[in-house]
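One-letter residues, chain by chain:
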Amino acid sequence: MNKQQLRKKHSLIRKAIENRDEKDKLIAERLQDIVRGHESVFCYVSFGSEVGTHDFIRANAEKIYIPYTNDGVMKCLKYVGGDLTADKQGNVALSCYGEQGTPTITVVPMLAFDSACYRLGYGGGYYDRYLSSAFTVKVGVAYDEQFTNEAFCELFDVPLDMIITPTKIHKR
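Anyway, here's the lowdown on the structure attached to this text. (Residues numbered from 1 in each chain as written. Predicted model: local features only at pLDDT ≥ 70, side-chain atom pairs only at ≥ 80, totals over all residues. Heavy atoms only, no water.)

Moving on: the overall build of the protein. Each helix and strand in the protein was counted, giving 4 helices and 10 strands. For the protein, the α and β elements follow one another from N to C terminus as α-α-β-α-β-β-β-β-β-β-α-β-β-β. Taking 16 Å as the expected radius of gyration for a compact globule of 172 residues, we find that the protein reaches 15 Å, a close match to that expectation. Based on the C-alpha atoms only, the size of the protein along its principal axes is roughly 40 × 35 × 25 Å. Among the 172 residues that make up the protein, the fraction classed as buried is 49%. Looking at the protein alone, contacts between residues at least 24 apart form 63% of all its contacts between residues at least 6 apart. By element, 52% of the accessible surface of the protein is carried by carbon and sulfur atoms, the whole surface being about 8,800 Å². Measuring between centres, the 22 positive side-chain charges of the protein sit 3 Å from its 22 negative side-chain charges. (Helix = DSSP H or I, 4+ residues; strand = E, 2+ residues; numbered from the N terminus. Rg over C-alpha atoms; globule rule 2.2 N^0.38 Å. Buried < 20%, exposed > 50% of the residue type's maximum accessible area, 1.4 Å probe, protein only. Contact = heavy atoms within 4.5 Å. Areas by Shrake-Rupley, 256 points an atom, 1.4 Å probe, with all protein chains shown as cover. Lys, Arg positive; Asp, Glu negative; His and termini not counted. Charge placed at Lys NZ, Arg CZ, Asp CG, Glu CD.)

The next subject is the packing of aromatic side chains. Counting across every chain of the model gives 3 aromatic pairs. Aromatic side chains Phe-42 and Tyr-130 sit 5.0 Å apart centroid to centroid with 70° between the ring planes, which places their arrangement in the edge-to-face category. With Phe-42 in strand β1 (residues 41-43) and Tyr-130 in helix α4 (residues 126-133), this residue pair connects regions lying 88 residues apart in the sequence. An identical accessibility class is assigned to Phe-42 and Tyr-130; each is buried. Summarising the aromatic geometry, the rings of Tyr-68 and Tyr-97 are spaced 5.2 Å apart at their centres and angled 70° between planes, so their arrangement reads as edge-to-face. One end of the pair, Tyr-68, is in strand β2 (residues 64-70); the other, Tyr-97, is in strand β4 (residues 97-100), with 29 residues separating them in the sequence. Cation over ring: Lys-78 sits above Tyr-65, and NZ or CZ is 5.7 Å from the ring centre. (Phe/Tyr/Trp six-rings, centres within 6.5 Å; stacked < 30°, edge-to-face > 60°. Lys NZ or Arg CZ within 6 Å of the ring centre and 35° of its normal.)

This part is about unusual backbone geometry. Residue Asp-71 is not a glycine yet carries a positive backbone phi of 50°. As for its placement among the helices and strands, Asp-71 is situated in the loop between β2 and β3 (73-79). The phi dihedral of Cys-117 is positive, around 65°, even though this residue is not glycine. Residue classification places Cys-117 among the buried positions, given a relative accessible area of 0%.

What follows concerns the layout of surface pockets. Empty space within the largest pocket amounts to approximately 560 Å³. Surrounding the largest pocket, 28 residues form its lining, Tyr-122, Gly-123, Gly-124, Tyr-126 and Tyr-127 being those nearest its centre. Listing elements by their share of the lining of the largest pocket, those giving two or more residues are α1 (3-15), β2, β7 (119-120) and α4. Residue composition of the lining of the largest pocket, grouped by class: 11 nonpolar, 9 polar and 8 charged. Volume-wise, the second largest pocket comes out at about 170 Å³. In this structure, the second largest pocket is lined by Asp-21, Asp-24, Lys-25, Ala-28, Gln-32, Gly-52, Thr-53, His-54, Asp-55, Phe-56, Ala-59 and Asn-60. (1 Å grid on protein atoms, 1.4 Å probe; cavity = no way out; pocket = protein on both sides within 12 Å on 5 of 7 lines; lining within 4 Å. Points joined across faces, edges and corners; volume = space filled by probe spheres on them. Nonpolar A, V, L, I, M, F, W, Y, C, P; charged D, E, K, R; others polar.)

Turning our attention to the state of the cysteines. Under the criterion given, the structure shown has 0 disulfides. With no disulfide partner, Cys-153 has as its closest neighbouring cysteine sulfur the one in Cys-117, 12 Å distant. For Cys-153, a relative accessible area of 37% corresponds to the partly exposed category. (Disulfide = S-S within 2.5 Å.)

All right, on to the sheet that holds strand β9 (residues 162-164) then. As summarised here, the arrangement of the 8 strands in space is β4-β3-β2-β1-β5-β8-β9-β10, forming an open sheet in which the pairing is mixed. Strands at the two margins of the open sheet, each flanked by one partner only, are β4 and β10 (169-171). Strand-to-strand twist across the sheet, computed as the mean angle between neighbouring axes with direction ignored, equals 35°. As paired elements, β9 and β10 share 3 bridges and run antiparallel to each other. Bridge pairing in β10 places Met-162 opposite Lys-171. Strand contacts of helix α2 (residues 20-35): β1, β5 (105-108), β8 (137-141), β9 and β10, with the helix running at about 140° to β9, the strand carrying the most contacts. (Pairing = 2+ DSSP bridges. Axes fitted to C-alpha atoms, helices over the stretch in contact; angles between N-to-C directions.)

Take a look at the structure:
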């Protein structure tokens, strides 16, 4: 299967996952332990069937940065409060954004992941470009059902340092 076919397959798998609220809570608890001690956290704003991040963002608002994507470039901007309804690029209302920053830990979404902590993203390359040049701890959040043995990694893909699921923390 090519990457686009894998994205479609794993998007359907993720949409079919049950007991999301319970799983999101377990992931958030593990994530909270990981970010403790970090002064700043870059975290995606969840939408659709992604692991929910809204409660985590609100609980850590004083140190949260969120993505703003425009013209193919993703920036890391301070979250200053407000509605977390994201569009397909992960952007929220402009009033939610503050100054640009360089957080020490980054939380990313995914469609699937493998045993080497590579993530199958959405195909835009925004996170891979950001992660390839940022000095940050790279953390993915996913449901256990998103694990795959299928090969999808390419040269430009950036491995994560860890992936948090409801039952385990996978480390590279």
